[in-house]
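# Notes for the structure review
Residue strings, one per chain:
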Amino acid sequence: MKEDYRMKKLAIITTIILGLATTSCDSYLDINQDPNSPSEGNMTTSILMPAAEMGIAATYGNLLRIPAGYFSQHYAHMFGTSNYVDYSQFNMSPVRSGSAYSQINRVGLKNLQTIRSLAEENEEWGTYLAATTLRCFALQVLVDCYGSIPYTEALDINNPSPHYDDGATVYAGLISELEEALAKVSPTDRVATNFLFSGQNALPWIQFANALKLKIMSREVGAVAEVESKIGALIAENNFPSADVAYTDCWSNETGQMNPYYSEEFSTAFGSTQINVTANMAIIGTMLQKNGEGEVTYRDPRLGSFFDTNSSGEYVGGVSGTNFSTSTNFKAAYWCRPTMKYNSPVYLLQVAETEFFIAEYYARQNNSAQAEAHYNAAIQASCASAGVGTGAAEVIAKFPYNQANYKQCIGISKWIALAGTNNFESWCELRRLKYPAFGSVSGADLYDSDEDKLNTQLYSPGTLYTPISVFEKVGSNQVIQRWPYPSVSTSSNSNAPVFNDADYKTPLFWAK
């Protein structure tokens, strides 16, 4: 019953959020046209772009953020509720995974493909680049979830069973698409009405496309031989966003027009007062460190921007793999929650992420001075984004750059930086970099259910732990590596690959 209610709620939220786009987003794709919506012949890129954007924002900012927050151990589960206990146990079902898959394809990718066709026909190269960049962003997200997805045969209405391409093939195709679009555009070219950059010219889209290329190629390292030289050339161009790429000014405090994650988990506009998500002991224990006497030895300046205190004004994180339903000591008011507002940004790609990727490139080149400079710049950008720019020096002092262990220091610092802004990218990066790594204690050590006692002193900052009750197909000391193929696709696609139990812990091509 709760799951049915949640799915209905998500459908309502998504439908109303898309109302921000001023028109029905995909009715023109249907056989039966809506008489109140523009006909296919009257469609313009400016009508379609906002709808496509909101389809991606609603999915990436909510349907992907929530499970990734649990998989990254930024989130744990609130007392007594059951909606996301499976996520906290590192589980994802084929049915659950279908919501994000369908939303990205049905609203995002279909509309973006139409925008690209219209823009190419009318030689609107700024709009063509914008739609291509968002398309590549969305497709990369799907690869990072599933490993293989329909690509070369996707979105063909005459082919109901498109072939699933492997992730490496899709990644290579995305780079080609971005480079083709970038070659056609000039910085002053017009871009159709959009929410992301408020209708500016093509320059910010060029910078976004470059940052997306850097992310894609950085994940190809080790799998594509010539990628390092391409990364070096892109970094030498130094034409990346100077501000976070995020949906910031398109939310309002009205039903269905709020940040999608806030609307799903924090708002009572749809009649639900159920609270599901709390902070995880792992991230709280890393951002707020104490000695054996309980005295605070380090407090990350971003902590208050990422998480609210509990009813006692303290920061306390839960433990993965349980919802404390039998506890008498740890009710809902005991835990602290993620900080979210109706107008919180939906981040697509932050300056801090780009700087971390650049730092990693220089680390691989054994240029420790440049690596450290960009590592520090990443932390500074993260703190600035959180509104605590003056605290960056304290973070850098606590988590200094280490060339000998660059993957560890970058991995942990990126995991912290993304805890309050982009949980999905955090899950991707900890799979790729292998940091944070698993510590020596488990969730069962951190919470003694027999004694109803938390053992926070056992947690080692900057580590993950096996959930109390972990999904058996993932097992101990491992993070879920990929989502099962969505049943909405496999049930109708005869070419869909078989997903085996072992695939839950089989790394993607960029994480091997």
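Residues numbered from 1 in each chain as written. Predicted model: local features only at pLDDT ≥ 70, side-chain atom pairs only at ≥ 80, totals over all residues. Heavy atoms only, no water.

### Side note on the overall build of the protein chain
Rule in force here: Working definition: helices are DSSP H or I runs of at least four residues, strands are E runs of at least two. Numbering for both runs from the N terminus. Note on method: radius of gyration uses C-alpha positions; expected globular size equals 2.2 Å times residues raised to 0.38. Note on classification: 1.4 Å probe, protein chains only; a residue is buried when its accessible area is under 20% of the maximum for its type, exposed when over 50%, partly exposed between these limits. What makes two residues a contact is simply this: any of their non-hydrogen atoms within 4.5 Å. The accessible surface values rely on the Shrake-Rupley method and a 1.4 Å probe; as for residues, cover is taken only from the protein chains in view. By the counting scheme adopted, Arg and Lys are positive, Glu and Asp are negative, and His together with the chain ends is not counted. For this purpose, a charge sits on NZ of Lys, CZ of Arg, CG of Asp or CD of Glu.
Along the protein chain, the regular secondary structure elements total 19 helices and ten strands. At 22 Å, the protein chain has a C-alpha radius of gyration in line with the 24 Å of a compact globule built from 512 residues. For the protein chain, the C-alpha atoms occupy an extent of roughly 70 × 55 × 45 Å along the three principal directions. Looking at the protein chain residue by residue over its 512 residues, the buried ones come to 60%. Here the contacts in the protein chain between residues at least 6 apart in sequence split such that 75% fall between residues at least 24 apart. Working note: accessible area of the protein chain is about 19500 Å², and carbon and sulfur atoms make up 47% of it. Separation of charge centres in the protein chain, based on 34 positive and 50 negative side chains, amounts to 4 Å.

### Focus on the pattern of salt bridges
Two side chains carrying opposite charge are able to pair once their charged atoms lie near each other. Note the threshold: Only one rule defines a salt bridge in this text: a Lys or Arg side-chain nitrogen within 4 Å of an Asp or Glu carboxyl oxygen.
Counted by the stated rule, this structure contains 18 salt bridges. Between Lys215 and Glu425 there is a salt bridge, and its shortest N-O distance comes to 3.2 Å. In this pair, Lys215 is assigned in helix H8 (residues 203–220) and Glu425 in helix H17 (residues 423–433), connecting sequence segments 210 residues apart. For Lys215, a relative accessible area of 1% corresponds to the buried category. Relative accessible area serves as the criterion here: at 0%, Glu425 is assigned to the buried category. Glu429 is the partner of Arg219 in a salt bridge, and the nearest nitrogen-oxygen pair spans 2.9 Å. A residue pair is termed long-range when its members are at least 10 positions apart, and Arg219 in helix H8 and Glu429 in helix H17 qualify at 210 residues. What makes Arg219 buried here is its relative accessible area of 0%. Accessibility expressed as a relative area gives 4% for Glu429, which makes it buried. Through salt bridges with shared partners, a single network forms among Asp144, Lys215, Arg219, Glu228, Glu360, Arg364, Lys414, Glu425, Glu429 and Arg432.

### Digging into the environment of Ser186
For Ser186, the location among the structural elements is in the loop between helix H7 (167–184) and H8. In this structure Ser186 touches Ala202 and Ile206, once residues within four positions along its chain are discounted.

### Remarks on unusual backbone geometry
In this structure, Pro436 follows Tyr435 across a cis peptide bond, with omega equal to 0°. Among the structural elements, Pro436 can be located in the loop between H17 and helix H18 (443–446). Of note, Phe324 is a non-glycine position whose phi angle comes to about 55°, a positive value.

### Observations concerning helix H6 (residues 125–146)
Put simply, the rule reads: Working rule for helices: expected span equals 1.5 Å times residues minus one.
Taking 1.5 Å per residue as the helical rise, H6 with its 22 residues ought to reach 32 Å, and the 31 Å between its terminal C-alpha atoms agrees with that figure. Directly beyond the C-terminal end of H6, a positive phi value near 90° is found at Gly147.

### Remarks on the packing of aromatic side chains
Filter applied, for reference: Each Phe, Tyr or Trp ring (for Trp, its six-membered ring) is paired with any other whose centre lies within 6.5 Å, and the angle between the two planes then decides the class: stacked below 30 degrees, edge-to-face above 60, tilted in between.
Under the definition given, this model contains 36 aromatic pairs. Seen in terms of ring centroids, Tyr70 and Tyr84 are 5.9 Å apart; in terms of plane orientation they differ by 50°. Their pairing is tilted. One end of the pair, Tyr70, is in helix H3 (residues 65–71); the other, Tyr84, is in the loop between strand S1 (75–77) and helix H4 (85–88), and 14 residues separate them in sequence. When its relative accessible area of 0% is taken as the criterion, Tyr70 is described as buried. Tyr84 gets classed as buried once you look at its relative accessible area, which sits at 0%. For the pair Phe499 and Tyr504, a centre-to-centre distance of 4.9 Å together with 85° between the ring planes defines the contact as edge-to-face. With respect to burial, Phe499 and Tyr504 carry one shared label: buried.

### Remarks on the side chain of Asn210
Position of Asn210 relative to the elements: it lies in helix H8. By relative accessible area, which is 4% here, Asn210 ends up buried.

### Brief notes about the packing of helix H2 (residues 45–63) against helix H5 (residues 98–121)
Rules: Here an angle of 0 to 180 degrees is reported between the N-to-C directions of two axes, which are lines fitted to C-alpha atoms, with helices fitted over the stretch in contact. These descriptions rest on fixed angle ranges, namely under 35 degrees for roughly parallel, over 145 for roughly antiparallel, 65 to 115 for roughly perpendicular, and the rest for oblique. In this scheme the handedness of a crossing depends on how the near helix is turned from the far one: anticlockwise by less than a right angle means left-handed, clockwise means right-handed. Just so you know the grouping, Ala, Val, Leu, Ile, Met, Phe, Trp, Tyr, Cys and Pro go in nonpolar, Asp, Glu, Lys and Arg go in charged, and all remaining residues, Gly too, go in polar.
At a minimum axis separation of 9 Å, H2 and H5 run at an interaxial angle of 155°. Here H5 runs roughly antiparallel to H2, going by the angle between their axes. As for the relative orientation of H2 and H5, their crossing is left-handed in sense. Only Ser99, Ala100, Gln103, Ile104, Val107, Gly108, Asn111, Leu112, Thr114, Ile115, Leu118 and Ala119 of H5 make contact with H2, whose side of the interface consists of Thr45, Leu48, Met49, Ala51, Ala52, Gly55, Ile56, Thr59 and Leu63. Considering only residue class, the contact of H2 with H5 consists of 13 nonpolar, eight polar and no charged.

### So, H7
Definition in use: Polar contact criterion, stated in full: a pair of N or O atoms within 3.5 Å, where within protein one must be able to donate a hydrogen and the other to accept it, and residues adjacent in sequence count only if both atoms are side-chain atoms.
In a regular helix each residue adds 1.5 Å, so 18 residues correspond to 26 Å; H7 covers 26 Å between its end C-alpha atoms and thus fits that length. When we look at burial in H7, the residues that qualify are Gly167, Val170, Tyr171, Gly173, Leu174, Ile175, Glu177, Leu178, Ala181 and Leu182. The secondary structure elements touched by the buried residues of H7 are H5, H6, strand S2 (149–150), strand S3 (164–165) and H8. The opening residue of H7 is Asp166, an N-cap whose side-chain oxygen sits 3.1 Å from the backbone nitrogen of Ala168.

### Topic: the confidence of the model for the protein chain
Let me state the cut-off plainly: On a range of 0 to 100, pLDDT expresses the predictor's confidence in each residue.
Of all residues in the protein chain, 91% have pLDDT values of 70 or greater, and the mean over the chain is 91. For the stretch residues 1–38, pLDDT sits under 50, and the model shows 74 contacts to residues farther than four places along the chain or on other chains.

### Overview of the environment of Ser494
Within the fold, Ser494 resides in the segment after helix H19 (487–490). We classify Ser494 as exposed; its relative accessible area is 65%. Separated by 449 residues in sequence, Ser494 and Thr45 place their C-alpha atoms 34 Å apart.

### Some words on the pairing of strand S7 (residues 296–299)
The side chains of a regular strand alternate between the sheet's two faces. Selection criterion: Here, strands pair whenever DSSP counts at least two bridges between them.
Relative to S7, strand S6 (residues 288–290) runs antiparallel, the two being bridged by three bridges. Across the sheet, Gln289 pairs through a bridge with Tyr298, a residue of S7. Connecting S6 to the antiparallel partner S7 that follows it, the hairpin turn spans five residues, and Gly294 within it adopts a positive phi of roughly 85°.

### Description of the nonpolar core
Soluble globular proteins tend to pack their nonpolar side chains together in the buried interior. Keep this limit in mind: Nonpolar cores are built from buried Ala, Val, Leu, Ile, Met, Phe, Trp, Tyr and Cys residues. Side-chain atoms within 4.5 Å join them into one set.
Residues Leu134, Phe208 and Tyr247 are the most contacted members of the largest nonpolar core, which totals 154 residues. Among the elements that take part in this core, H6 stands out by supplying 15 residues, more than any other. Not counting chain neighbours up to four residues away, the residues in contact with Phe208 comprise Thr133, Leu134, Phe137, Leu196, Phe197, Pro241, Val245, Leu348 and Leu349.

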